[in-house]
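# Coordinate inspection notes
Listed below, chain by chain, are the residues.
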Amino acid sequence: NDAGLQVRFAIRALQHGAEMMAGGDSSASTGLASADPSKLKGLVLDLRSNPGGLLTSAVDVATLFVPNGSDVVSAKGRGFPETLYRSKTDPILSPNTRLAVLVNEQTAS
């Protein structure tokens, strides 16, 4: 289960759709890889009632939104040393894209 890959594909599809709606020169044959990230004006990430999951999946998704080299999270436990997870890719969204994250009392910490 590669959550980062799934979210990346979904965002590319949204960017492609936004580009087509904006009257860009894209046709269906150009594919999602060439979608212009600046055409997507905003994105809502709905995490309400999300019970959580694997830390590595959360890191994969977070790296899509933060600059390359950003510290994402650190984890420390009794049985293992502290580990720092850092973004290793450029963000998928344009810095001008508005991002809203919805949470509630049932969203994992």
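What comes next concerns the included structure. Quick caveat: nothing in here was measured; it's all calculated off a predicted structure.

Thresholds, definitions, all that
Residues numbered from 1 in each chain as written. Predicted model: local features only at pLDDT ≥ 70, side-chain atom pairs only at ≥ 80, totals over all residues. Heavy atoms only, no water. Core = buried A, V, L, I, M, F, W, Y, C linked by side-chain atoms within 4.5 Å. Buried < 20%, exposed > 50% of the residue type's maximum accessible area, 1.4 Å probe, protein only. Contact = heavy atoms within 4.5 Å. Salt bridge = Lys/Arg side-chain N within 4 Å of Asp/Glu carboxyl O. Helix = DSSP H or I, 4+ residues; strand = E, 2+ residues; numbered from the N terminus. Pairing = 2+ DSSP bridges. Polar contact = N/O pair within 3.5 Å; in protein donor to acceptor, adjacent residues only side chain to side chain.

## Thoughts on the nonpolar core
- With seven residues, the main nonpolar core is built from Ile11, Ala18, Leu40, Leu43, Leu64, Ile92 and Leu93.
- When near neighbours in sequence (up to four residues on either side) are disregarded, Ala18 contacts Lys39 and Leu40.

## Some details on the pattern of salt bridges
- Under the criterion given, the structure shown has two salt bridges.
- For Asp46, the salt bridge is made with Arg48, and the minimal N-O distance between the two is 2.7 Å.
- The exposure class assigned to Arg48 is partly exposed, which follows from its relative accessible area of 45%.
- Close ionic contact of Asp71 with Arg86 constitutes a salt bridge, the shortest N to O distance being 2.9 Å. Of this pair, Asp71 sits in strand β2 (residues 71-77) while Arg86 sits in strand β3 (residues 80-86), and the two are 15 residues apart along the sequence.

## Considering unusual backbone geometry
- Phi is positive for Ser49, which is not a glycine, with a value near 60°.
- Residue class for Ser49 comes out partly exposed when judged on its relative accessible area of 39%.

## Observations regarding the pairing of β2
- Inspection of the sheet shows β2 paired to β3 by five bridges, in the antiparallel sense. Residue Asp71 lies in a different strand from β3, and its bridge partner there is Arg86.
- In this structure, the hairpin formed by β2 and β3 is closed by a connection of two residues.

## Thoughts on the side chain of Thr107
- Position of Thr107 relative to the elements: it lies in the segment after β4 (98-102).
- The exposure class of Thr107 is buried, given its relative accessible area of 19%.
- One polar contact links the side chain of Thr107 to the main-chain carbonyl oxygen of Leu47, over a distance of 2.9 Å.
- At 2.9 Å, the side chain of Thr107 and the backbone nitrogen of Asn104 are in polar contact.
- In this structure Thr107 touches Leu47, Arg48, Ser49 and Asn50, once residues within four positions along its chain are discounted.

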